[in-house]
Amino acid sequence: MSATSKVFALEPELRFIGVASALGAPVVDPQEGPAALRRLGIVAAVRRAGRNAGWGASIEAPAGRGMAALGALLDEVAREVAATLAGGRLPVVLGGDHAIAAGTWRGVGRALGQSPGLLWIDAHLDAHTPHSSPSQNAHGMPLAALLGIGAPAMADIAGPVLDPAHVAAIGVRSYEDEEMQLLAAHGVRVYGLGEIRRRGLAAVFAEALVRVAGDGRPFGVSIDLDVLDPCGAPGVTTPVAGGLGVGELAGALAGCARGGRCAAIEIAEYCPARDVQGLTARAAIDLLEAICRADGDALRQQEATHGARNYAPLPAVFASGSGCWLTDVDGRRYLDLMSAYSAVSFGHAHPRLVATLSAQAARLAVTSRAYSNDRLPPFLRRLTDITGYDRALPVNTGAEAVETAIKAARKWAYKVKGVPDGEAGIVVCRGNFHGRSTTIVGFSSEAQYRDGFGPFAPGFRSIPYGDAAALEAAITPHTAAFLVEPIQGEGGIVIPPDGYLAACADICRRHDVLLIADEVQTGLGRTGYLLASEHDGVRPDGVILGKALGGGLLPVSAFLADERVMQVFTPGDHGSTFGGNALSAAVAAEALELLFDEDLVARSAALGPWLLARLAEIARGSPLIRAVRGRGLFAGIEVDATRVDAAALAGALLHRGVLTKDTHATVLRIAPPLTIGQDELEWGLARIAEVFADAGKAQPRLPRAA
């Protein structure tokens, strides 16, 4: 095989080889590592990354100790690795102590007919010989042995020795001078932790990868888990203070196994007995999943091939998020000005919410509402205290909460108002978006939402949004409720006239009709008030909350109302297996506390006018913008649809690292996490200004009026 060829024509199946050995280590702890990682799902991690994988061989250490036993083990490892490669599979070797590397990489070279390049990722150099080693432990000798130096039982395994010009050691922070001198004499490049901190791991890793594989040479990755900071990965043989974080190393390794040139992967020295919380195992699994991760194009193709075609997402595939930033699978960062339609109002991976989720998931998650749990009652009490309603009915999605509200309104009409059975009506507004269940799309004014999904449930009457007189005219003695969004989000961030909701509330009171506000997107601080209804000084009879209530981690929603409405529900009338589960209740309760602890409602109220002023400034400089509107951190930029497509603008912003989304190709939505800083928001707005400026240059000049 030539040095510039791929190892495989296509990305191969990964075949795991567990080496249950501690022959080279001072303790027996790593011997149980491979079996523990297998139990904990490391093979499944590869499948999650979109690759085929299976367990191959489990190699046990031979009887006895010393170099003779170790040599026999290394020869068996080399044979198994070579056979795996020869069979067209990519070997993933799980140690055991790191001495097994002396067998792994000779086996790789044996199968390839040449030495591979090697990324040696370790806190230690492992480049001792029997003459230089203070401890005489063989797990400190494999790199020297792979260069053909040191103990014959390790150095003489059949196969080509490594070419030092194609070896790079990364993350080193603990070694003896003799090791460094030996590697320097042979020309091995060592990237210590100090250099990594100065230059950044991404830059160091990119340079190291060019060194080991820049000539098209097949390469491998050997990871000793002690390269990680022991605070996050304590379960290793010889921990060293400091070290790399799991996330930063995973980011550097991401996609290393793409393209058919990665010849093998090795992960060594996991000690389950020292890993009571499973942190180190989780780290090993995360690192391997990152190595095997496909690129964005491949992942989008998988989604297009295997998923239903009910979405057409923008061309980005995200792998992680923090605060108001997202990072895609290829390492590019984006400012999130969408926050998942307000679901991520607290930012991505808020530490308090993640800690709550993790702790509760380890204790109790779901029991169903057939039983009570200890997290739901405090959550219900806090939610009703904050909003001022008597009762809350927890469910999952916003659409489910809307359906719950519809059921409540109808039964209230029959049991309390006295509407004849089957005659209750609900008034809705044109341009509404309350979800996509068959009931809800039946009263949508968007043709696509209805096309092909009938017949639809009767009992809904649609009126123009923002027209209180139209509501009065639509009400009959059989009307149960008026269902309305205080701001129509999907409709284009449409804000009704001042006083509209107050007028509707007065009309509903006079006609004994329930006013139900859908605040799934606008609730919990989005518009600068706890509820957007408060802008008009209105307290609806019922409120629907969702999205932000789950803290950006789980689907949590609720219908809230006073006793006069909620009294209509009796056991068996309505239910949701996951609604009100302990995990969701714990996270939602913590989200409510964050709302006040971080003063996010006031933050939205303060940043909102500044945001609208900056958007208005951009609009004054662009003839493509027809209007800017919004409240709090909820804004829309309406464009001239005869000259530009808002969807195309969203795509242009994506290329500049800003995430937003159009609605109906006419409006760009701006709804960042409420935790966003003004400087971050300003950066995003500058990119928006650039996109409109560029789009304007591409437009033909309109003739001047005579």
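Structure shown above.
Because the structure is a prediction, the values reported are computed rather than measured.

Asker: Give me the lowdown on the overall build of the protein, citing residues and values where you can.
Answerer: Along the backbone of the protein there are 24 helices and 23 strands. Each of the three principal axes of the protein carries a C-alpha extent, and together these read 95 × 75 × 45 Å. For the protein, contacts bridging at least 24 residues in sequence account for 74% of all contacts bridging at least 6. When the accessible area of the protein is evaluated, it comes to approximately 28000 Å², of which 53% is carbon and sulfur surface. Separation of charge centres in the protein, based on 64 positive and 74 negative side chains, amounts to 5 Å.

Asker: An account of empty space enclosed by the protein is needed here, citing residue identities and associated values.
Answerer: The tally for this structure, following the rule as stated, stands at four cavities of 30 Å³ or more. Of the pockets and cavities examined, the largest cavity occupies roughly 70 Å³. What lines the largest cavity is simply Tyr-465, Pro-486, Pro-496, Pro-497, Asp-498, Gly-499, Tyr-500, Leu-501, Ala-532, His-535, Asp-536 and Arg-631. In terms of residue class, the lining of the largest cavity is made up of seven nonpolar, two polar and three charged.

Asker: If you had to explain the packing of aromatic side chains to someone new, which residues and values would you point to?
Answerer: By the definition in use, this model includes six aromatic pairs. When the ring of Phe-16 is compared with that of Trp-55, the centres are 5.9 Å apart and the planes differ by 5 degrees; the resulting orientation is stacked. Of this pair, Phe-16 sits in strand S1 (residues 14-20) while Trp-55 sits in strand S2 (residues 53-60), placing them 39 residues apart in sequence. Judged by centre distance (5.7 Å) and plane angle (70 degrees), the rings of Tyr-465 and Tyr-500 are edge-to-face. Here Tyr-500 lies in helix H19 (residues 500-510) and Tyr-465 lies in the loop between strand S14 (460-463) and helix H18 (468-474), a separation of 35 residues in the sequence.

Asker: Now, about the pairing of strand S8 (residues 262-268): what can you tell me, with residues and values included?
Answerer: Every regular strand shows the same layout, with side chains that alternate between the two sheet faces. Within S8, seven of the seven residues are buried, which leaves it mostly tucked inside the rest of the structure. Direction of pairing for strand S3 (residues 90-95) relative to S8: parallel, over a ladder of three bridges. Across the sheet, the residue bridging to Leu-94 is Ile-267, located in S8. Of the strand pairs in this sheet, strand S7 (residues 219-224) and S8 are connected by six bridges, and their pairing is parallel. Bridging from a neighbouring strand, Asp-224 pairs with Ala-268 of S8. The parallel pair S7 and S8, bridged by helix H10 (residues 246-253), forms a crossover whose chirality is right-handed.

Asker: Mind laying out the nonpolar core, listing which residues take part and the relevant values?
Answerer: Core analysis: the biggest nonpolar cluster contains 58 residues, and Leu-383, Leu-549, Ile-688 and Phe-692 have the highest contact counts within it. Non-local contacts of Leu-383, meaning those with residues more than four positions away in its chain, are made with Ala-392, Leu-545, Leu-549, Ala-558, Leu-560 and Leu-592.

Asker: I'd love a proper account of the environment of Ile-495, names of residues and values included.
Answerer: Within the secondary structure, Ile-495 sits in the loop between strand S15 (479-484) and H19. With sequence-adjacent residues up to four places away left out, Ile-495 is seen in contact with Ile-487, Arg-629, Gly-630 and Arg-631.

Asker: Any details on the sheet that holds strand S22 (residues 661-663)? Residues and values, ideally.
Answerer: Remark on secondary structure: sheet strands pair via backbone hydrogen bonds, oriented parallel or antiparallel. Spatial strand order, S19-S20-S23-S22: four strands in an open sheet with antiparallel pairing. Looking at strand neighbours, the two that pair on one side only are strand S19 (625-631) and S22, the edges of this open sheet. Going across the sheet, the axis of each strand differs from the next one's by a mean of 25 degrees, ignoring polarity. When S19 meets strand S20 (residues 634-639), the two strands line up antiparallel, connected through six bridges.

Asker: Any details on the pattern of salt bridges? Residues and values, ideally.
Answerer: Inspection of the entire model under this criterion finds 37 salt bridges. Between Asp-29 and Arg-274 there is a salt bridge; the shortest N-O distance is 3.0 Å. Of this pair, Asp-29 sits in the loop between S1 and helix H1 (33-39) while Arg-274 is found in the loop between S8 and helix H11 (279-292), placing the two residues 245 residues apart along the sequence. Residue classification places Arg-274 among the partly exposed residues on the basis of a relative accessible area of 32%. The network of salt bridges with shared partners includes Arg-656, Arg-687, Glu-690, Asp-694 and Lys-697.

Asker: Can you tell me about unusual backbone geometry, naming the residues and giving the values?
Answerer: Trans peptide bonds make up most of the peptide bonds, and negative phi angles are found at most residues other than glycine. With an omega dihedral of 5 degrees, the bond running from Gly-454 to Pro-455 counts as a cis peptide bond. Mapped onto the elements of the fold, Pro-455 is located in the loop between helix H17 (447-450) and S14. Look at Ser-368: it is not a glycine, yet its phi comes out positive at around 75 degrees. Position of Ser-368 relative to the elements: it lies in the loop between helix H13 (351-361) and helix H14 (376-387). Positioned with a positive phi, Ala-665 is a non-glycine residue whose angle comes to about 65 degrees. For Ala-665, the location among the structural elements is in the loop between S22 and strand S23 (667-670).

Asker: Provide a residue-level description of the pairing of S23, including the pertinent values.
Answerer: Burial along S23 is two-sided: Val-667 and Arg-669 facing one way and Leu-668 and Ile-670 facing the other are all buried. Of the pairings in the sheet, the one linking S20 to S23 comprises four bridges and is antiparallel in character. From the neighbouring strand, Gly-636 faces S23, where its bridge partner is Arg-669. Bridge count between S22 and S23: three bridges; the pairing is antiparallel. When the bridges of S23 are listed, Thr-663 appears paired with Val-667. Hairpin connection, S22 to S23: the antiparallel pair is bridged by three residues, and His-664 has positive phi, about 60 degrees.

Cut-offs used in this document
Residues numbered from 1 in each chain as written. Predicted model: local features only at pLDDT ≥ 70, side-chain atom pairs only at ≥ 80, totals over all residues. Heavy atoms only, no water. Helix = DSSP H or I, 4+ residues; strand = E, 2+ residues; numbered from the N terminus. Contact = heavy atoms within 4.5 Å. Areas by Shrake-Rupley, 256 points an atom, 1.4 Å probe, with all protein chains shown as cover. Lys, Arg positive; Asp, Glu negative; His and termini not counted. Charge placed at Lys NZ, Arg CZ, Asp CG, Glu CD. 1 Å grid on protein atoms, 1.4 Å probe; cavity = no way out; pocket = protein on both sides within 12 Å on 5 of 7 lines; lining within 4 Å. Points joined across faces, edges and corners; volume = space filled by probe spheres on them. Nonpolar A, V, L, I, M, F, W, Y, C, P; charged D, E, K, R; others polar. Phe/Tyr/Trp six-rings, centres within 6.5 Å; stacked < 30°, edge-to-face > 60°. Buried < 20%, exposed > 50% of the residue type's maximum accessible area, 1.4 Å probe, protein only. Pairing = 2+ DSSP bridges. Right-handed = clockwise from strand over helix to strand, strands pointing away. Core = buried A, V, L, I, M, F, W, Y, C linked by side-chain atoms within 4.5 Å. Axes fitted to C-alpha atoms, helices over the stretch in contact; angles between N-to-C directions. Salt bridge = Lys/Arg side-chain N within 4 Å of Asp/Glu carboxyl O.

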